[in-house]
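Residue-level structure breakdown
Residues per chain are reported as follows:
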Amino acid sequence: MKTFKMGGVHPEENKISNEAPIEVMPVGSQVAVLMNQHLGAPATPVVQKGERVKVGQLIGEAQAFMCANVHSPVSGTVLKVDTCKDAFGQPKPAVYIAVEGDEWMEEIDRTAEVKRECALTAAEIVAKLKEKGVVGLGGATFPTHIKYSIPEGKKADYLVVNAAECEPYLTSDLRVMLEHAEEICVGISILRTALGGVKAYVGIESNKPQAISVMTQMAATFEGIEVVPLRVKYPQGAEKQLIQAVTGRRVPSGKLPIDAGCVVSNVGTCFAVYEAVQKNKPLIENILTVTGKELPSQHNYLVRIGTTYNEIIRHSIGELPETTGKVISGGTMMGKAVVNLDAPTVKGNASVLVIGEREARRQPETACIRCGKCMDACPMGLEPYLFSALVKGGRFEEARVHNILDCIECGCCFFSCPACKPLTDEIRLGKNKVRALMAAKK
Amino acid sequence: MSQQIIVAVAVLGVLGVLFAVILYFVAQKFKVVEDPLIDEVAEALPGANCGGCGKAGCRAFAEACVAQGSLDGLRCAPGGDAVAARIAELLGCAVEQGEPLVAVVRCNPSNCAGKRLSHYDGLRSCAFEATVYCGESGCPNGCLGCGDCVAACQFEAIVMDEGRGVPVVDAERCAACGACVKACPRGVIELRHKGRKDRRVYVECINREKGAAARKTCANACIGCGKCEKVCPVGAIAVEGNLSYIDHTKCIACRKCVVECPTGAIRDVGFPAPAVKPEAAKVAEAPAAAAVKAE
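Residues numbered from 1 in each chain as written. Chains lettered and ligands numbered in written order. Predicted model: local features only at pLDDT ≥ 70, side-chain atom pairs only at ≥ 80, totals over all residues.

1. Here's the deal with the overall build of chain A
- On a plain count of helices and strands, chain A comes out with 14 helices and 17 strands.
- Relative to a compact globule of 442 residues, whose C-alpha radius of gyration would be 22 Å, chain A shows 21 Å and is just as compact.
- Across its three principal axes, chain A shows a C-alpha extent of roughly 65 × 50 × 50 Å.
- Burial statistics for chain A: of 442 residues in total, 53% are counted as buried.
- At a minimum sequence separation of 6, the contacts of chain A that also span at least 24 residues come to 74%. (Helix = DSSP H or I, 4+ residues; strand = E, 2+ residues; numbered from the N terminus. Rg over C-alpha atoms; globule rule 2.2 N^0.38 Å. Buried ≥ 20, exposed ≤ 12 C-beta atoms within 10 Å, placed from the backbone. Contact = placed C-beta atoms within 7 Å.)

What follows is the structure in structure tokens.
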């Protein structure tokens, strides 16, 4: 079975919510929709206080290049355009909407019927993705229309669909595959057209045999889609690692996947692409796992964007267990701890993961014993212990020479370190400093 | 025998003269002319190499002074006026007597240790914590308390007050080099005039949230109400972006704003007695009358 060659770790999988079907979460009485739910500049609000909006109406317009449209996830009246603290306590521009009824835009097709045929050209597909505010749902929330606008002189040979879901605990991608396999395959076909009809590979880790069989059966009825089972190893879902696992190609240091002739999209993104192109539905919903070993029940939900973490917790499990140490948005390896549970969820949130106090606590840091485990674990072939020393000493130029910017922040080094050194934190700090230095030089 | 000695001495003597001539010409060719004044100026400097002047070290500062021939735009903060006067004497130029500065920490979180909203157990670095989230106090602008400024200070003038979770500057030791200002990712620390008799007034908050939100974040936050701006007799205070700022070049340390501030966000340092509102003093004299009025 295929996998990437260098490094990688095997964290406990804990996919305990994999049996829970996707339920629809009801909408609260008020939502705050953040204007930067994507990588890049925030969208500009285009609605005023008192204005009535419908579900799917444009409320934030992308005016910068690196930006994505934001649509209303609910129908109701705009209360105010103000700032709202995000999950990490930072105020961000937001549109507050008081929910009234559930009136959708007329153009959105809400029937369950699967539309297979798509007659749009590549340029029309990209325009549609831009209009509907589709972003990558694999974690980075990179605007999809930019990814599929291939720069001149470059050519994509493969579309690699990331269905590895290598993060522990997360099961939202798995549930989407089991319940919406046909829609996903239509979405993949649309993205293939956008790239000029290239071959598509769907990489799925072998710990999801059900998904592999469902997707393989479905892919057989489509042209140019092949399912590739992958050996379980974290971080299989990182784009450079996935490209290597599936196609055997390597993305050169400091380059993008397109330089290796590949474009990588998450399986959730493919579903969002299907809904945007075939059903005219903008990206206003997340599929989100609510899980944790100490929770009484495990869930997968279809949640409107803007629903707060507290609302999700209240609806699914009532209240947090007393032993809760951290609530994490994302998986245990790369997810971020949420400090403000009153914050609205945004595009790309894949989970509300509740970790117990004992499990969440970091072990005290001890001295590096130069065992080299971090080097063995690093999937990019870097030397995390060295970066740790260089960053502590303020030697950022040397860190740059040793390719600190190639780090994908997967957390394998910290995971494998017997001295519990916060290696990933140090490298992230180093990357910020190196980027600032490079910007200052220009 | 004697002939051998003579030959040896002669050969060595000729070689010596030859090399002396070569060395002379080489020395002439590669001669570095350096103004002896640079050494004298460098001697007069404190030699802390703190970098507060913006130069690589004290020697670089001395070179810049001599090259410029004056002290315009150059100031050694740790040396202060005494060093400036000495350098001016060496250079033979006039010197402006600058107002001495001191680093000021503009944060006083009400969510201090014990009342923290979250617990941060990542890398002990403010620069990193600032990229992760708002910080343990919950304030999106305030001090993170990991002590990047303490590590940056070469004069041991900053210590972390573990109880309050913010650094405290020892004004006696502070050389106003500005290293802590550069180290702070949130811009909490500012260099301000030390003030006459070490008395200074400043806004001890940099929270830029709107009033209600700021108050929710921290009980001691500036809510940008503008009362201080109205009461200031010299127009030294301006409220911009929900935050009041006192211009230290204009402030006369009258403390009217300290009394007026509804959240106690304005700090007065070095005054013998706490500031009292004139009306409040009257009320204290006639409490009965005030009580009747209140009813």
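2. Digging into the overall build of chain B
- Summing up its helical and strand segments, chain B has 12 helices and eight strands in all.
- In terms of overall size, chain B is more extended than a compact globule, its C-alpha atoms giving a radius of gyration of 29 Å where 295 residues would be expected to give roughly 19 Å.
- Dimensions of chain B, computed from C-alpha atoms along their principal axes, come out at roughly 125 × 50 × 30 Å.
- Sorting the 295 residues of chain B into buried and exposed places 35% on the buried side.
- Sequence-distant contacts in chain B: of pairs separated by 6 or more residues, those separated by 24 or more amount to 57%.

3. Here's the deal with helix 4 (residues 80-91) of chain B
- Here helix 4 of chain B spans 17 Å end to end across 12 residues, near enough to the 16 Å set by a 1.5 Å rise per residue.
- Just beyond helix 4 of chain B, the residue with positive phi is B:G92, at close to 70 degrees. (Expected span 1.5 Å × (residues − 1).)

4. Description of the sheet that holds strand 12 (residues 262-266) of chain A
Residue and element names in this part refer to chain A.
- Strand order across the open sheet formed by four strands is 11-10-9-12, with parallel pairing between neighbours. For this open sheet the edge positions go to strand 11 (225-230) and strand 12, each flanked by a neighbour on one side alone. Taking the axes of each pair of neighbouring strands and ignoring which way they run, one obtains an average angle of 25 degrees across the sheet.
- On top of the sheet, helix 4 (residues 181-194) reaches strand 9 (158-162), strand 10 (199-205), strand 11 and strand 12; it is set at about 150 degrees to strand 9, its chief contact. (Pairing = 2+ DSSP bridges. Axes fitted to C-alpha atoms, helices over the stretch in contact; angles between N-to-C directions.)

5. Things to note about the interface of chain B and chain A
- Each partner contributes residues to the interface: chain B has 15 residues there, and chain A has 12 residues.
- Partitioning the side of chain B that touches chain A into residue classes produces eight nonpolar, five polar and two charged. (Nonpolar A, V, L, I, M, F, W, Y, C, P; charged D, E, K, R; others polar.)

6. Details of helix 7 (residues 267-278) of chain A
Residue and element names in this part refer to chain A.
- Between its first and last C-alpha, helix 7 extends 16 Å over 12 residues, near the 16 Å set by a 1.5 Å rise per residue.
- Counting buried residues in helix 7 gives 12 out of 12 residues, a clear majority hidden from the surface.
- If you check which residues of helix 7 are buried, you get V267, G268, T269, C270, F271, A272, V273, Y274, E275, A276, V277 and Q278.

7. Quick look at the nonpolar core
All names here are of chain A.
- V33, V160, V161, V202 and V273 are the most contacted members of the largest nonpolar core, which totals 198 residues.
- For this core, the element with the most residues is helix 7, which contributes eight residues.
- Setting aside anything within four residues of it in sequence, one finds V202 in contact with V161, A163, M215, A219, I225, V227 and V228. (Core = buried A, V, L, I, M, F, W, Y, C linked by C-beta atoms within 7 Å.)

8. As for the domain arrangement of chain A
Residue and element names in this part refer to chain A.
- The domain architecture assigned to chain A consists of domain 1 (122-278) and domain 2 (373-441).
- On a C-alpha basis, the centres of domain 1 and domain 2 stand 28 Å from each other.
- The interface of domain 1 with domain 2 comprises seven residues on the first partner and seven residues on the second.
- Here the residues of the side of domain 1 that touches domain 2 are counted per class, giving three nonpolar, three polar and one charged. (Domains from an automatic or database assignment.)

9. Here's the deal with the sheet that holds strand 7 (residues 76-85) of chain A
Residues and elements named next belong to chain A.
- If you walk across this open sheet you meet the four strands as 2-8-7-4, and the pairing is antiparallel. The sheet is open, and its two borders are formed by strand 2 (30-34) and strand 4 (52-53), each paired with just one other strand.
- Two elements, strand 2 and strand 8 (residues 91-99), share five bridges in a ladder whose sense is antiparallel. What sits directly across from V33, in strand 8, is V95.

10. Some details on the packing of helix 2 (residues 36-44) of chain B against helix 4 of chain B
All names here are of chain B.
- Where helix 2 meets helix 4, the axes come as close as 9 Å, and the angle between the chain directions of the two elements is 165 degrees. When the axis of helix 2 is compared with that of helix 4, the two are roughly antiparallel. Helix-helix and strand crossings are classified by hand; for helix 2 and helix 4 the assignment is right-handed. In this structure, helix 2 uses L37, E40, V41 and A44 to contact helix 4, whose residues at the interface are V83, R86, I87 and L90. (Parallel < 35°, antiparallel > 145°, perpendicular 65-115°, else oblique. Left-handed = near helix turned anticlockwise from the far one by under 90°.)

11. Notes on the environment of A:E311
- For A:E311, the position within the fold is in helix 8 (residues 309-317).
- On a C-alpha basis, the gap between A:E311 and A:D342 in space is 8.2 Å, while along the polypeptide they are 31 residues apart.

12. A word on unusual backbone geometry
Residues and elements named next belong to chain A.
- The omega angle of the peptide bond from Y234 to P235 is 0 degrees, so this bond is cis rather than trans.
- Relative to the elements of secondary structure, P235 occurs in the loop between strand 11 and helix 6 (239-247).
- Positive phi, normally seen in glycine, also occurs at R370, with a value near 55 degrees.
- As for its position among the elements, R370 is in the loop between helix 9 (357-360) and helix 10 (373-377).
- Judged by C-beta crowding, with 8 C-beta atoms within 10 Å, R370 ranks as exposed.

13. Focus on the packing of helix 1 (residues 122-131) of chain A against helix 4 of chain A
Residues and elements named next belong to chain A.
- Helix 4 packs onto helix 1 with a crossing angle of 120 degrees between their chain directions and a minimal axis gap of 8 Å. The angle between the axes of helix 1 and helix 4 places the two elements in the oblique class. The handedness of the crossing between helix 1 and helix 4 is left-handed. Note on element contacts: helix 4 touches helix 1 through I190, T193 and A194, opposite A122, I125 and V126.

14. Here we look at the pairing of strand 15 (residues 324-329) of chain A
All names here are of chain A.
- Pairing of strand 15 with strand 17 (residues 351-356) involves four bridges; the strand directions are antiparallel. The residue bridging T324 from the neighbouring strand is G356, located in strand 17.
- Hairpin connection between strand 15 and strand 16 (residues 336-337): a loop of six residues separates the two successive antiparallel strands, and G330 in this loop has a positive phi of roughly 110 degrees.

15. Digging into the environment of B:F30
Residue and element names in this part refer to chain B.
- Within the secondary structure, F30 sits in the loop between helix 1 (2-29) and helix 2.
- What makes F30 exposed here is the crowd of 7 C-beta atoms within 10 Å.
- Along the chain, F30 and V159 lie 129 residues apart, while their C-alpha atoms are 50 Å from each other.

16. Here we look at the confidence of the model for chain B
Residue and element names in this part refer to chain B.
- The predicted model of chain B has a mean per-residue pLDDT of 86, with 93% of residues at 70 or higher.
- Mean pLDDT across the elements of chain B bottoms out in helix 12 (residues 287-294) (44) and peaks in helix 1 (95).
- This model gives residues 286-295 a pLDDT under 50, and the stretch forms one contact once residues within four places in sequence are excluded. (pLDDT = per-residue confidence, 0-100.)

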